[in-house]
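So you can see what is in the structure, the chains are spelled out below.
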Amino acid sequence: MPEGLEPEAALARGHWVKLICGASNQDLAAIEDLSGIFALAGVHCIDAAADPAVVAAIRRGLAWAGARGSGRPWLMLSLSDGADPHFRKAWFDPRRCPKTCSRPCERVCPALAIGVAATGEPGVLAERCYGCGRCLPACPHHLIEERGQVLAGEGVAPLLAQLRPDAVELHTQPGRGVAFAERVAQLVASGVPLRRVAVSAGLEGTAQSSRQLAAELWQRFGVLRREGMLPLWQLDGRPMSGDVGAGTAAAAVGLAAAVLPLAPPGPVQLAGGTNAHTLLQLAARAPLRRQIAGVAFGGVARRLLQPLLLEAQHRGRSLLADGLLWPQALRLAQGLVNPWLERVE
């Protein structure tokens, strides 16, 4: 990582870039490849499920990137203070699917998580599903359901103590201030010295106004301040939709424009619908763009490298092990990341 772009400096200077692997994503091979490529491209943080196997995959990817000169991004683990779309997986019983069904669920799944597993059984490939929910309305027979993946409170402290992340992201929703405080107490009980606690919140799916959301963030700020923790506000415009198009970038920037003037102290990072159009959307908002610390890329980053991940899989090796494919992947990742690393205000 170039001098001056260490994570804290990047937050302070507006160059912060985070890779979101997915709070429910357990596709270990893809996570290892994505972590290696995007670490080498210069991201400052990699955010993923609080899962030992996922963390091991990320650290293998980081070791690969480190051997090629990358800096060390923070490892951030995602938790929630209650039921949340980011912490779910789709499920259905394929035996109930009519044989004549055209399977629109397969076509809309950005993770390619609906199909035939290695066992030969059709259905949802649970390790790939990251809970975007696009298959739910697509099923013409309403056979798909969602199953929550929220970590029980008693498991948080020992798991964090085992995995030793640099930071934690807490997804929160309106009215869950008490549950948020309980999660923070569990972070403290882990004994892990966290660099930042990212607080992820948005307006989609709620009846809140931007003013009400800001009030919720101030409550969370008070909880973190009492524990001496530094916040990072992740404003989630349109969750898990960055691979869709330019309109989702407008949603992410619009949320920041509405909430940021009312928000508590701390760096603000865009998420939820972010993609290559996000910086262009900010360009027309001079006062706002100077207040944005950075961006998180999730679905768009995974979709960007998906063809190369599949090609490597077809060749019977990982992307990082393919000397012809990984440089192509790196160029694609740099095309997404570099505009933020190089932005000038």
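A few points on the structure.

Criteria and cut-off values
- Residues numbered from 1 in each chain as written.
- Predicted model: local features only at pLDDT ≥ 70, side-chain atom pairs only at ≥ 80, totals over all residues.
- Heavy atoms only, no water.
- Helix = DSSP H or I, 4+ residues; strand = E, 2+ residues; numbered from the N terminus.
- Buried < 20%, exposed > 50% of the residue type's maximum accessible area, 1.4 Å probe, protein only.
- Lys, Arg positive; Asp, Glu negative; His and termini not counted.
- Salt bridge = Lys/Arg side-chain N within 4 Å of Asp/Glu carboxyl O.
- Contact = heavy atoms within 4.5 Å.
- Phe/Tyr/Trp six-rings, centres within 6.5 Å; stacked < 30°, edge-to-face > 60°.
- Lys NZ or Arg CZ within 6 Å of the ring centre and 35° of its normal.
- Axes fitted to C-alpha atoms, helices over the stretch in contact; angles between N-to-C directions.
- Parallel < 35°, antiparallel > 145°, perpendicular 65-115°, else oblique.
- Left-handed = near helix turned anticlockwise from the far one by under 90°.
- Nonpolar A, V, L, I, M, F, W, Y, C, P; charged D, E, K, R; others polar.
- Pairing = 2+ DSSP bridges.
- Core = buried A, V, L, I, M, F, W, Y, C linked by side-chain atoms within 4.5 Å.
- Expected span 1.5 Å × (residues − 1).

**Topic: the side chain of Arg 183**
Point 1. Positionally, Arg 183 belongs in helix α7 (residues 177-190).
Point 2. Nearest to the buried, unbridged Arg 183 among oppositely charged side chains is Glu 182, at 7.1 Å.
Point 3. Sequence-distant contacts of Arg 183, defined by excluding residues within four places in its chain, comprise Ser 80, Asp 81, Val 150, Leu 151, Ala 152, Gly 153, Val 156 and Leu 170.

**Details of the environment of His 314**
Point 1. Mapped onto the elements of the fold, His 314 is located in helix α12 (residues 299-314).
Point 2. The exposed category is assigned to His 314, whose relative accessible area is 68%.

**Quick word on the packing of aromatic side chains**
Point 1. Summed over all chains, the structure comprises four aromatic pairs.
Point 2. Relative to Trp 326, the ring of Trp 64 has its centre 5.0 Å away and its plane inclined at 90°; by these criteria the two rings are edge-to-face. Pair noted here: Trp 64 is in helix α3 (residues 52-66) and Trp 326 is in helix α13 (residues 325-341), with a separation of 262 residues, a long-range link.
Point 3. Put simply, the rings of Trp 218, Phe 221 and Trp 233 pair up and form one aromatic cluster.
Point 4. Positioned above the aromatic ring of Trp 91, the side-chain terminus of Arg 147 is 4.0 Å from the ring centre.

**Digging into unusual backbone geometry**
Point 1. Positive phi values are uncommon outside glycine, yet Arg 103 reaches one of about 55°.
Point 2. For Arg 103, the position within the fold is in the loop between β4 (88-91) and α4 (104-108).
Point 3. Phi angles above zero are rare outside glycine, and Leu 112 is one such case at about 55°.
Point 4. Assignment of secondary structure puts Leu 112 in the loop between α4 and β5 (114-116).

**Some points on the packing of helix α2 (residues 28-41) against α12**
Point 1. Where α2 contacts α12, the two axes come as close as 11 Å, and the packing angle between them is 110°. Classified by the angle their axes make, α2 and α12 are roughly perpendicular. Pair α2 / α12 crosses with right-handed handedness. Where α2 approaches α12, its residues Ala 30, Asp 33, Leu 34, Ile 37 and Phe 38 are matched on the opposing element by Ala 301, Arg 302, Leu 305 and Leu 309.
Point 2. A class-by-class count of the residues in the contact of α2 with α12 yields seven nonpolar, no polar and two charged.

**Regarding the sheet that holds strand β2 (residues 45-49)**
Point 1. The eight strands are arranged β1-β2-β3-β8-β9-β10-β11-β12 in a closed barrel whose pairing can be described as parallel. Here the strands of the sheet are splayed against their neighbours by 25° on average, with no regard to which way each runs.
Point 2. Pairing between strand β10 (residues 231-236) and strand β11 (residues 268-271): four bridges, direction parallel. Opposite Leu 235, over in β11, you have Leu 270 as the bridge partner.
Point 3. Against the sheet, α3 makes contact with β2 and β3 (74-80), and its axis sits at roughly 155° relative to β2, the strand it touches most.
Point 4. Its contacts with the sheet place α12 against β1 (16-22) and β12 (292-297), and it is angled at close to 75° to β1.

**Overview of the packing of α12 against α13**
Point 1. Between α12 and α13, the least distance of the axes is 10 Å, while the angle of their chain directions is 175°. When the axis of α12 is compared with that of α13, the two are roughly antiparallel. In this structure, α12 contributes Val 300, Ala 301, Leu 304, Leu 305, Leu 308, Glu 311 and Ala 312 to the contact, and α13 contributes Leu 325, Gln 328, Ala 329, Leu 332, Ala 333 and Leu 336.
Point 2. Residues of the contact of α12 with α13, tallied by class, amount to eleven nonpolar, one polar and one charged.

**A word on the nonpolar core**
Point 1. Ile 37, Phe 38, Leu 187 and Ile 292 are the most contacted members of the largest nonpolar core, which has 81 residues in total.
Point 2. In terms of residues, this core owes the most to one element, α13, which gives nine residues.
Point 3. Here Leu 187 is in contact with Leu 79, Val 156, Leu 160, Val 168, Leu 170, Leu 194, Val 197 and Met 229, once residues within four sequence places are set aside.
Point 4. With 15 residues, the next largest nonpolar core counts Cys 105, Ala 113, Tyr 130 and Cys 135 among its residues.

**Some words on helix α8 (residues 210-226)**
Count 3.6 residues to each turn of an α-helix, and residues three or four apart come out pointing the same way.
Point 1. With 17 residues, α8 ought to run about 24 Å at 1.5 Å a step, and its terminal C-alpha atoms sit 25 Å apart, in line with that.
Point 2. When we look at burial in α8, the residues that qualify are Leu 213, Ala 214, Glu 216, Leu 217, Arg 220, Phe 221, Gly 222, Val 223 and Leu 224.
Point 3. Each element contacted by the buried residues of α8 is listed here: α7, β9 (196-201), β10 and α9 (246-259).

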